[in-house]
Amino acid sequence: MDFRLRAATKEDCKDISRMIMELAVYEKMPDQVEISHKELERDGFCQNPFFECLVAEVPEEQKSKEGFTVVGYALYFYTYSTWRGRSVYLEDLYVMPAFRGKGIGKGLLCKVAEVGRKKECVRLQLSVLDWNTPSRDFYAAKGAQDLTASEGWHFIRFDGQNLDKLANEAPKD
């Protein structure tokens, strides 16, 4: 199958938003998605973007049965490890089901790694749901380490009222 990987543009945000929802449905959490293409446009295509994104595009003659030519995406951003230095975090890697097994997911993952290496990142990190064995196996086959098992790290989050409460407890200037 022919496909090309390219940097996402503002015009891709509706397709990316559609695939974010498809991924959320797959992960059994569609009610957790609170953003639309508008937030993606605002946050990814501003003077200081919060994320970068690659899209996978197929030729018109290979479009999906729904008529889409943008069939996958990888959304990532940069972080910093106080132990190791520059890092890239892969928030989402998604390929529409009909286009899986054709090298698109591998291509997106490898391209994010290439982008990170060009920016002198020392590691690529991501999270995978514990029940998502196909994805866990995919990443393991590429050499990823499961830090939950090997190092015992837990992924911690503050959001909503708990984030507000924490922010309100900050010392005043």
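Everything below is about the structure printed above this text.
Keep in mind that this is a model prediction, so the values were computed, not measured. Just so you know, the residues in each chain are numbered from 1, in the order the chain's sequence is written. Residue-level local features of this predicted model are given only where pLDDT is at least 70; pairs of side-chain atoms are given and counted only at 80 or more, and the full residue set underlies all totals for whole chains, interfaces and linings. To obtain the side-chain values, all non-hydrogen atoms of the structure were used and water was disregarded.

**Topic: the packing of helix α1 (residues 13-26) against helix α2 (residues 37-44)**
Throughout, an axis means a line fitted to C-alpha atoms (over the contacting stretch in the case of helices), and angles, computed between N-to-C directions, take values from 0 to 180 degrees. Put simply, DSSP marks the helices as runs of H or I at least four residues long and the strands as runs of E at least two long, and each gets a number from the N terminus on. Running from N to C, α1 and α2 point in directions that differ by 120°, and their axes come no closer than 8 Å. With respect to each other, α1 and α2 are oriented oblique. In this structure, the crossing between α1 and α2 has a hand that is right-handed. Contact with α1, carried on its side by Cys13, Lys14, Ile16, Ser17 and Ile20, involves His37, Leu40 and Glu41 of α2 and no other residues of that element. For this scheme, ten residues count as nonpolar: Ala, Val, Leu, Ile, Met, Phe, Trp, Tyr, Cys and Pro. Four count as charged, namely Asp, Glu, Lys and Arg, and the remainder, Gly too, count as polar. Here the contact of α1 with α2 is built from residues that sort into 4 nonpolar, 2 polar and 2 charged. By definition in this entry, angles of less than 35 degrees are roughly parallel, angles greater than 145 are roughly antiparallel, angles of 65 to 115 are roughly perpendicular, and the rest are oblique. Each helix crossing is assigned a hand: it is left-handed if the near helix lies turned anticlockwise from the far helix by less than a right angle, otherwise right-handed if that turn is clockwise. Here, residues are in contact when the closest pair of their heavy atoms is within 4.5 Å.

**Focus: the environment of Arg123**
Structurally, Arg123 is set in strand β5 (residues 123-126). Separated by 72 residues in the primary sequence, Arg123 and Phe51 have C-alpha atoms spaced 17 Å apart. Between N or O atoms, a polar contact is any pair within 3.5 Å; within protein, one atom must be a potential hydrogen donor and the other a potential acceptor, and residues adjacent in sequence are included only when both atoms are from side chains. Engagement of the side chain of Arg123 in a polar contact is seen with the side chain of Ser81, the distance being 3.1 Å.

Geometric values such as these leave the question of function open.
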